[in-house]
Each structure stands twice: as C-alpha cells, then as structure tokens.
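Fold and contact review
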Amino acid sequence: MTDLASLEAELAAAVTGAADLAALDAIRVAALGKTGSISNMLKSLGSMSPDERKTAGPAINGLRDRIAALIAEKKAALEALALEAQLASERLDLTLPAPPRRKGSVHPTMQVFDELTAIFAEMGFAVAEGPDIEDDFHNFTSLNFTPKHPAREMHDSFFFQPNDAGERMLLRTHTSPVQVRTMMSQKPPIRIVAPGRTYRKDSDQTHSPMFHQIEGLVIDRDIHMGHLKWTLETFCRRFFETEAVVTRFRPHHFPFTEPSAEMDVQCDRSGGSIKIGEGSDWLEILGGGMVHPTVLRNCGLDPDEWQGFAFGLGIDRLGALKYGMPDLRDMFSGDVRWIDHYGFSAFAAPNPATGLS
Ligand code: DAH
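All of the points below concern the structure found in this document. (Residues numbered from 1 in each chain as written. Predicted model: local features only at pLDDT ≥ 70, side-chain atom pairs only at ≥ 80, totals over all residues. Heavy atoms only, no water.)

The subject of this paragraph is the pattern of salt bridges. Counting across every chain of the model gives 17 salt bridges. Taken together, the shared-partner salt bridges connect Arg-248, Arg-250, Glu-262 and Asp-264 into one network. (Salt bridge = Lys/Arg side-chain N within 4 Å of Asp/Glu carboxyl O.)

Dropping the structure here:
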C-alpha cells in the first residue's frame, strides 16, 4: 500500500509539474501505457490470491482512475494555455495603419518605346529585333565603315576579348545592324522599326553608356528623300502631340546613307526648359538618309532595283525632351524616387486612338 501511495504522490507531482503537452503525454505513457507502471500492476492482479485481489484490485483501479483524471485535467489546462499563447501571438491590431504598398510603374524609356512603336505601327511599320552583342560585320563593315574609318573610333565601342577565331565581338553601338539583318533575311518591300539597347563609352548629362535607339528602314521601288521627310515630320507631330512642330533637315555624313541628313526641331529654350512647337532655337533629334548603294549590295540587294531610306534616333533623349528630365543618367540609376516621379501607369498603354501619354 505504501508503494501505491508513494507512486501516486510521485505521479501526481509529475503531472502537476508537466511543462507542456509532450511532457504530459510521456508521463501518461509511463504510467498508463501498455507497459506503464500502473498497467503492470493491473496485470499482476491475475496472479494474486482472491483475498489479496479484493483489496489490491480496488486500490490499483482507484489509483488508475485518479491519475487518468489528473492527466485529463492537466491536459485541458495545458491546451487552454497553448491556445491563449497562439491567440496572443497571432493577434492583429486592426487599428494600425497598413504599411505602404509600392506601386509599380512603367519606366519612361519603355513608355516612349511603346509610343514610338504605336506611331510607326499605325504607319505600317513592323517591329524587328537584333542581338545586343554584335560582330564587326553587322555593326560596321556591312554598313560601309571602312577598316580604318574614323567613325569606328568615334563610336568608342565596348569590345569583348577576341574569341577563338580571333574575332572581337562588341556591344552594338547603334541599332543600324538590325537594318542589315532584316535586309539579309527578308525580301523587299521592307518597312520596319527596330527599337533596342545600344552601348557606347559615353557618360554625361546627355549621354549614358547604355542607352536606347530606334532604327527605321523602308526598302521598296522608287523610294526617295521626300518619303523620309514626310515620315519623320509626321512622326514628330504625333510624338510631341502638336501640329505646331517645325523641322529642318541639315546635310550630314553617315557611312551607311547617301545623301545623309540630321533633323532638327524648332524649340524654345528660354526659361530653363525646352518647349517644342514654339520659339526660335533648333534641337537635333535624329539622323537619316537614303540607304547607301554599298549597304544594299552588302545585303544582297540590287541598288538599281531597290532604294530605301533609314533613320535612327535616341529614345531616352527623346523621352527626356518630351517629359522634361534634366539628366539622362538618372534614367538608369535605379532610384525609386525618380521612377515614382517620372513613371507611367501600366494601365494606360499608349495607343493612337486614346492618346499617347
Ligand atoms: N546609327 C546612327 C547613330 O547611331 C543613327 C542613324 C543615322 C541611323 C542615320 C540611321 C541613319 O539609320 O540613316 O548615330
């Protein structure tokens, strides 16, 4: 009997002191499990004399019932505690202000990309693409740059280490190689624009080492400078969203066009900002001309049969001009304050029907 009393005291103390449900279950198994201390005692009843059993039976069964009740009680208490702790840890203060959620926006360069393709798509141009990493042939040679042509230096290119064939690939310095790729892979008539990334060793307020250009190319029979002029003037009026745009063509030199020209737009520079459609200053915005017969021949086209015009312009610079950004390098600095200020809504994709910007 003393054994039973001390076992009961020991078990009761253990149950009361159990720190968590796992500890309590371990105690239950040790006492009431298949080979637990109390279960073993119950098993021993079978080998007792009837007299012994008379007193031991109720005593052991009583102990089992009391310990089982104690465990159940403790279990309920521990479960209540666990629930309370969980509720406390998952508590939400609904009166707290929600943390600000960052709103995504469209980068101005991508906005201008979309504006340009919308305008040119409406004029019947398809969009073409080419690789950022170019070879000498597509970036220079096919475009009529002679091996020692100073324009190769002028472009200040990012060259890679020579490959196994001894050829130095480069990050394309302009989108003009896409002209060549298009002429070599498609049959005229051709009418494409090719927007994309371009790279040059240049960094100041109006230059960034990575920037974006759009190239235009039209190849057909009887194409002349008049078509180029109309296309670019129409483009300018659409892009700047005013009929008041005045443009002028100035003779220029590019190896891949003959004749070549640069186009300026009239603007007003007074008051620290540039306004298109008024004033008496001029701003150069693009280059273009008639595709050089040598370039046509390099691409497998007969210049006596096919003519065309090409043009190229800087997308970022055009965007900075339209949307008033003072420094081109900020466009690629990854500063969220800048993009918050200059970014565009993703829900207002430019299209000619509802407006561009
Ligand atoms: N590739 C020239 C540049 O990066 C831009 C250009 C000028 C492209 C005249 C043309 C063109 O297609 O006809 O400066």
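There is more to say, and it comes next.
What describes two packed helices is the angle between their axes and the distance between those same axes. Two elements in contact, helix α9 (residues 225–240) and helix α11 (residues 315–323), have axes separated by 11 Å at closest approach and are oriented at 50°. The orientation of α9 relative to α11 falls into the category oblique. Across the interface between the two elements, Phe-235, Phe-239 and Phe-240 of α9 pack against Leu-318, Leu-321 and Lys-322 of α11. Residues that form the contact of α9 with α11 fall into these classes: 5 nonpolar, no polar and 1 charged. (Axes fitted to C-alpha atoms, helices over the stretch in contact; angles between N-to-C directions. Helix = DSSP H or I, 4+ residues; strand = E, 2+ residues; numbered from the N terminus. Parallel < 35°, antiparallel > 145°, perpendicular 65-115°, else oblique. Contact = heavy atoms within 4.5 Å. Nonpolar A, V, L, I, M, F, W, Y, C, P; charged D, E, K, R; others polar.)

To continue, consider the site of the ligand. Among the 15 residues in the neighbourhood of the ligand, the closest are listed as His-174, Ser-176, Arg-200, Gln-213 and Glu-215. At 2.5 Å, a side-chain N or O of Glu-215 approaches an oxygen atom of the ligand. Separating an oxygen atom of the ligand from a backbone N or O atom of Ala-310 is a distance of 3.1 Å. Protein coverage of the free-state accessible area of the ligand, which is 350 Å², stands at 91%. Breaking the shell around the ligand down by element, the ones donating at least two residues are α8 (176–185), β5 (210–220), β9 (281–291) and β10 (307–314). Among the residues making up the shell around the ligand, the classes are represented as 4 nonpolar, 9 polar and 2 charged. (Near = heavy atom within 4 Å. Polar contact = N/O pair within 3.5 Å; in protein donor to acceptor, adjacent residues only side chain to side chain. Areas by Shrake-Rupley, 256 points an atom, 1.4 Å probe, with all protein chains shown as cover.)

Here α9 spans 22 Å end to end across 16 residues, near enough to the 22 Å set by a 1.5 Å rise per residue. Among the residues making up α9, those that are buried are Leu-228, Thr-231, Leu-232, Glu-233, Thr-234, Phe-235, Cys-236, Phe-239 and Phe-240. (Expected span 1.5 Å × (residues − 1). Buried < 20%, exposed > 50% of the residue type's maximum accessible area, 1.4 Å probe, protein only.)

Further remarks concern the packing of aromatic side chains. Counted according to the given criterion, the structure contains 11 aromatic pairs. A centroid spacing of 5.1 Å and a plane angle of 20° characterise the contact between Phe-120 and Phe-235, whose relative ring orientation is stacked. One end of the pair, Phe-120, is in helix α5 (residues 108–122); the other, Phe-235, is in helix α9, with 115 residues separating them in the sequence. Taken together, the aromatic side chains of Phe-120, Phe-125, Phe-235, Phe-239, Phe-240, Phe-309 and Phe-311 make up a single cluster linked through ring pairs. Over the aromatic face of Trp-306 sits the side chain of Arg-221, whose NZ or CZ is 4.2 Å from the ring centroid. Over the face of the ring belonging to Phe-249 we find Lys-229, whose NZ or CZ atom lies 5.7 Å from the ring centre. (Phe/Tyr/Trp six-rings, centres within 6.5 Å; stacked < 30°, edge-to-face > 60°. Lys NZ or Arg CZ within 6 Å of the ring centre and 35° of its normal.)

Right, let's get into the pairing of strand β7 (residues 257–268). Within β7, 9 of the 12 residues are buried, leaving the element largely enclosed by the surrounding structure. The hairpin turn running from strand β6 (residues 247–254) into β7, its antiparallel successor, is 2 residues long. Across 9 bridges, β7 lies against β9 in antiparallel orientation. Its bridge partner being in β9, Met-263 is matched across the sheet by Leu-286. The sheet contact formed by β7 and strand β8 (residues 275–276) spans 2 bridges and is antiparallel. The residue bridging Asp-268 from the neighbouring strand is Lys-275, located in β8. Count of turn residues in the β7/β8 antiparallel hairpin: 6 residues, of which Gly-271 carries a positive phi of about 75°. (Pairing = 2+ DSSP bridges.)

The element β9 is largely enclosed, with a buried count of 8 among its 11 residues. Bridge analysis of β9 against β10 gives 5 bridges, and the strand direction is antiparallel. Within β10, the residue paired with Met-290 across the bridge is Phe-309.

Orientation of helix α2 (residues 21–32) relative to helix α3 (residues 37–44), taken along the N-to-C sense of each, is 15°, at an axis distance of 3 Å. One finds that α2 runs roughly parallel with respect to α3. Residues Ala-30, Ala-31 and Leu-32 of α2 touch α3, and the partners they reach there are Ser-37, Ile-38 and Ser-39. A class-by-class count of the residues in the contact of α2 with α3 yields 4 nonpolar, 2 polar and no charged.

The next thing to look at is the nonpolar core. Phe-235, Phe-240 and Ile-285 are the most contacted members of the largest nonpolar core, which totals 44 residues. For this core, the secondary structure elements donating two or more residues are α5, β5, α9, β7, β9, β10, α11 and α12 (336–342). Apart from residues lying up to four places away in sequence, Phe-240 is in contact with Val-245, Ile-276, Ile-285, Leu-318, Leu-321 and Lys-322. One finds Phe-145, Ile-219, Phe-256 and Leu-301 within the second-largest nonpolar core, a separate group that totals 22 residues. (Core = buried A, V, L, I, M, F, W, Y, C linked by side-chain atoms within 4.5 Å.)

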